[in-house]
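# Structural characterization, general
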Amino acid sequence: MHVAATGPRREHGGCPPLNSVFPTPFAFRFGLSIRPLVFPPPPPPLLLLCCQRRQRHLESISRLVEVMAAASGWLVNPVHFSENLGSGFGPERGGALKGRGVLVGFHSLVRYGERRSQGLRWDARGYGRTSGMVVAASPPTDDAVVITEPLTKEDLVGYLASGCKPKEMWRIGTEHEKFGFEVGSLRPMKYEQIADLLNAIAERFDWDKIVEGDYVIGLKQGKQNISLEPGGQFELSGAPLETLHQTCAEVNSHLYQVKAVAEEMGIGFLGIGFQPKWGLKDIPIMPKGRYEIMRNYMPKVGSLGLDMMFRTCTVQVNLDFSSESDMIRKFRAGLSLQPIATAIFANSPFTEGKPNGYLSMRSHIWTDTDNNRTGMLPFVFDDSFRFEQYVEYALDVPMYFVYRNKKYIDCTGMSFRDFMQGKLPCIPGELPTLNDWENHLTTIFPEVRLKRYLEMRGADGGPWRRLCALPAFWVGLLYDEVSLQNVIDMTADWTMEERQMLRRKVPITGLKTPFRDGLLRHVAEEVLQLSKDGLERRGYKEAGFLKEVTEVVQTGVTPAEKLLELYHGKWGCNIDPVFEELLY
């Protein structure tokens, strides 16, 4: 990891902020955690371990590190890692233990412990907090990885399969985006304002800054990350957590911190799925290299790609699987029911101040963004579907970029298959690492996305209670075996044409979409009950998080329809009140 300034600090990952246990203003303000604090030592030199098969050599690596630890007086505890280096769910989580050459940084193993495959955790005591940390933009290990032989397709399959973990290690990772705006003018935040906001949050609430060149583009704290979408949408990629209570406490703490700083700057944040007032020309462009490449490429492959980049916000949940067969069942259930989630959370009916004819404009936009990398993935329902088939699909998705020497290289439209043979025109002769593969996977945008976990991607952004309801909906369905099997049975005879019809019509008609001999609302009622039952069986008293969407399903009236009613009534066909109605 490229570090400009280092200093140990407390970790928050996996534990609820104190305010979820002790509702005091002090604890809520500072997002304190209730675990004992463990501080790592200053970063010692990195050890480069070049292995042709990292899993095969893990025992010898572990023995070597244990010997060195004993000589250094450090403590070593075996753990199961919960994510690649960089931690947390979502894109741009950089890391070690990547590619055929394996980079092991002792300091990184301390700070970003709990990885997804068996590894080591270093605990060192007696170190106090110094200055905040500035972390180079991801992926941070491209310069240090040593490739001992070319990647094979088996390596790519193995990368996905390495996400399998026993049920007791399943976690919940929630990501949500929101629009920042000037309270006085309602105009989108400029990058300079966003940079001031990020710097202030870092200083006041003890986050590390993520920089790209001279620009701060995000923050990191434990396993949480704050990042910027292309138009300045503010995203929290949450830590992998055990319960929905922890997830909602994390959301609450994040929104409190952001609001505490933003209000002083005259900035507000809006929870909606599509920018309701401003056109593309009004949206600032964030100084991130990958977004510049995407911005130039999008108009070549679809008519709505720039709208996707600059004017949409979503909330998604990332969930684990125990095996290839478990992945397949959850993938199919997620794809089948994704239109129901889109309908329940539909919250984007306005474009440039007027109704746009959709309940979820955000969802519709994905239908004409880039059909090479979006959609309902019919092949997932083939009897032959396995990890390998997803790899074959991903290999055929045109590339966006390769990251080398801290810069993004434009490789748009090129083939990862050619890359694996050293024949990529933008960097001829170079071979990919698993870090390149991981980055490529983040540029694929189906309704459910497979990485080393599954991402449920069908919901619009919304107010904070819905940010807790979305992960609750999917956890109840996919993390309970009875509910999951009921979903599989319910959807077993749905045809590809029916699934595609729902994908096409739901953004327009929501829960009122006709389906077979009734309405989609009737299916949603049954699905919501399965989710509630699944949450009850989990035993954490989490079913209450679904209250926010229960009325939506019972009445068939989506959040977007309620906004339209306000627009045509109380608001007098003026869009501005939505900024107060959906203000965080």
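About the criteria used
- Residues numbered from 1 in each chain as written.
- Predicted model: local features only at pLDDT ≥ 70, side-chain atom pairs only at ≥ 80, totals over all residues.
- Heavy atoms only, no water.
- UniProt positions renumbered as here; feature names shortened; annotations may be inferred.
- Helix = DSSP H or I, 4+ residues; strand = E, 2+ residues; numbered from the N terminus.
- Contact = heavy atoms within 4.5 Å.
- Areas by Shrake-Rupley, 256 points an atom, 1.4 Å probe, with all protein chains shown as cover.
- Core = buried A, V, L, I, M, F, W, Y, C linked by side-chain atoms within 4.5 Å.
- Buried < 20%, exposed > 50% of the residue type's maximum accessible area, 1.4 Å probe, protein only.
- Disulfide = S-S within 2.5 Å.
- Phe/Tyr/Trp six-rings, centres within 6.5 Å; stacked < 30°, edge-to-face > 60°.
- Lys NZ or Arg CZ within 6 Å of the ring centre and 35° of its normal.
- Axes fitted to C-alpha atoms, helices over the stretch in contact; angles between N-to-C directions.
- Parallel < 35°, antiparallel > 145°, perpendicular 65-115°, else oblique.
- Left-handed = near helix turned anticlockwise from the far one by under 90°.
- Nonpolar A, V, L, I, M, F, W, Y, C, P; charged D, E, K, R; others polar.
- pLDDT = per-residue confidence, 0-100.
- Polar contact = N/O pair within 3.5 Å; in protein donor to acceptor, adjacent residues only side chain to side chain.
- Salt bridge = Lys/Arg side-chain N within 4 Å of Asp/Glu carboxyl O.
- Pairing = 2+ DSSP bridges.

In the annotation of an unreviewed UniProt entry, the chain is listed under the name glutamate--cysteine ligase and assigned to Ensete ventricosum. Looking at the Subunit (unreviewed entry) heading of the UniProt record, one finds this comment for the chain: "Homodimer or monomer when oxidized or reduced, respectively." As recorded by UniProt, the Sequence similarities (unreviewed entry) comment attached to the chain reads in full: "Belongs to the carboxylate-amine ligase family. Glutamate--cysteine ligase type 2 subfamily."

## Details of the overall build of the chain
The number of helices and strands found in the chain is 20 helices and 23 strands. Long-range contacts, defined here as pairs at least 24 residues apart, represent 76% of the contacts in the chain between residues at least 6 apart. Within the structure as shown, the chain displays about 21500 Å² of accessible surface, and the carbon and sulfur contribution to it stands at 54%.

## Describing the nonpolar core
Judged by nonpolar contacts, the single largest core of 147 residues is most densely connected at Phe234, Phe331, Tyr390, Trp437, Phe473 and Trp474. Not counting the four nearest positions on each side in its chain, Trp437 is found in contact with Leu156, Tyr159, Val391, Ala394, Leu395 and Phe416.

## Topic: the state of the cysteines
Evaluation of the coordinates by the stated rule reveals 2 disulfides. Paired by a disulfide, Cys248 and Cys468 hold their sulfur atoms 2.0 Å apart. Between Cys248 and Cys468 the sulfur-sulfur dihedral comes to about 80 degrees; the bridge is accordingly right-handed. In this pair, Cys248 sits in helix H6 (residues 244-264) while Cys468 sits in helix H14 (residues 464-478), placing the two residues 220 residues apart along the sequence. For the pair shown, Cys248 and Cys468 are each scored as buried. Disulfide pairing is shown between Cys411 and Cys426; the S-S distance is 2.0 Å. Judged by the sign of its S-S torsion, about 90 degrees, the cystine formed by Cys411 and Cys426 is right-handed.

## Let's talk about the environment of Cys426
Mapped onto the secondary structure, Cys426 falls in the loop between helix H12 (416-420) and helix H13 (434-441). Considered as a pair, Cys426 and Phe401 are 25 residues apart in the sequence and their alpha carbons are 9.1 Å apart. If sequence neighbours within four positions are ignored, Cys426 has contacts with Ile409, Asp410, Cys411 and Met414.

## Points about the packing of aromatic side chains
For the coordinates displayed, the defined rule picks out 19 aromatic pairs. Measuring from centroid to centroid gives 5.9 Å for Phe331 and Tyr390, while their planes differ by 50 degrees, and the two rings are tilted. One end of the pair, Phe331, is in helix H9 (residues 324-344); the other, Tyr390, is in helix H11 (residues 387-396), and 59 residues separate them in sequence. Judged on exposure class, the residue Phe331 and its partner Tyr390 are both buried. Between the aromatic rings of Phe379 and Phe385, the centroid separation amounts to 5.8 Å while the plane-to-plane angle is 55 degrees, which identifies the pairing as tilted. Here a set of aromatic residues connected by ring pairs shows up, and it is made of Phe331, Phe379, Phe385, Tyr390 and Tyr393. Positioned over the ring face of Trp366 is Arg457, at 5.5 Å from the centre of the ring. Directly above the aromatic system of Phe381 lies the positively charged group of Arg499, at a separation of 3.5 Å from the ring centroid.

## A short note on the packing of H6 against H14
The geometry of a pair of packed helices is captured by two quantities: the angle between their axes and the separation between those axes. Running from amino to carboxyl end, H6 crosses H14 at an angle of 155 degrees, the nearest separation of the two axes being 10 Å. When the axis of H6 is compared with that of H14, the two are roughly antiparallel. Helix-helix and strand crossings are classified by hand; for H6 and H14 the assignment is right-handed. In contact with Leu244, Thr247, Cys248, Val251, Asn252 and Leu255 of H6, H14 contributes Trp464, Leu467, Cys468, Pro471, Ala472 and Val475. Partitioning the contact of H6 with H14 into residue classes produces 10 nonpolar, 2 polar and no charged.

## Regarding the confidence of the model for the chain
When pLDDT is low, close inspection of the predicted coordinates is not appropriate. Overall, the prediction assigns the chain a mean pLDDT of 83, with 75% of residues at 70 or greater. Across residues 1-131, where pLDDT falls below 50, the model places 331 contacts with residues more than four positions away in sequence or in other chains. Scored below 50 in pLDDT, residues 138-144 shows 27 contacts in the model against residues more than four places distant or in partner chains.

## Some points on unusual backbone geometry
The residue Lys541 is not glycine, and still its phi comes out positive at about 55 degrees. Along the polypeptide, Lys541 turns up in the loop between helix H17 (520-538) and helix H18 (547-555). Despite not being glycine, Cys573 shows a phi value in the positive range, around 60 degrees. Mapping Cys573 onto the fold places it in the loop between helix H19 (559-568) and helix H20 (578-581). Owing to a relative accessible area of 45%, Cys573 belongs among the partly exposed residues under this scheme.

## Regarding the environment of Gln257
Within the fold, Gln257 resides in helix H6. Separated by 53 residues in sequence, Gln257 and Arg204 place their C-alpha atoms 8.7 Å apart.

## Quick notes on the side chain of Lys451
Tracing the chain through its elements places Lys451 in the loop between strand S20 (448-450) and strand S21 (454-460). A relative accessible area of 4% means that Lys451 is categorised as buried. In this structure the side chain of Lys451 is engaged in a polar contact, spanning 3.0 Å, whose partner is the side chain of Glu455.

## Concerning the pattern of salt bridges
Taken as a whole and assessed by the stated rule, the structure comprises 35 salt bridges. Linking Asp326 and Lys330 is a salt bridge whose minimum nitrogen-to-oxygen distance equals 3.0 Å. You can see Asp326 and its partner Lys330 sitting in helix H9, 4 residues apart, about one turn around the helix. You'll find Asp326 and Lys330 in the same group, each marked buried. For Arg417, the salt bridge is made with Glu392, and the minimal N-O distance between the two is 2.6 Å. Of this pair, Arg417 sits in helix H12 while Glu392 sits in helix H11, placing them 25 residues apart in sequence. Salt bridges sharing partners connect three or more residues here, namely Lys153, Glu388, Glu392, Asp396 and Arg417.

## Digging into the pairing of strand S8 (residues 208-212)
The buried fraction of S8 is high, at 4 of 5 residues. Summarising the sheet, S8 and strand S9 (residues 215-221) pair through 5 bridges and their orientation is antiparallel. Bridge pairing in S9 places Asp208 opposite Lys220. Between the antiparallel neighbours S8 and S9 lie 2 residues, among them Gly213 with a positive phi of about 65 degrees.

## Some details on the pairing of S21
For S21, the tally of buried residues reaches 7 of 7 residues, placing the bulk of the element in the interior. With 3 bridges joining them, S20 and S21 adopt antiparallel strand pairing. In the strand pairing of S21, Leu450 is matched with Leu454. Counting the residues that bridge the hairpin from S20 to S21 gives 3 residues.

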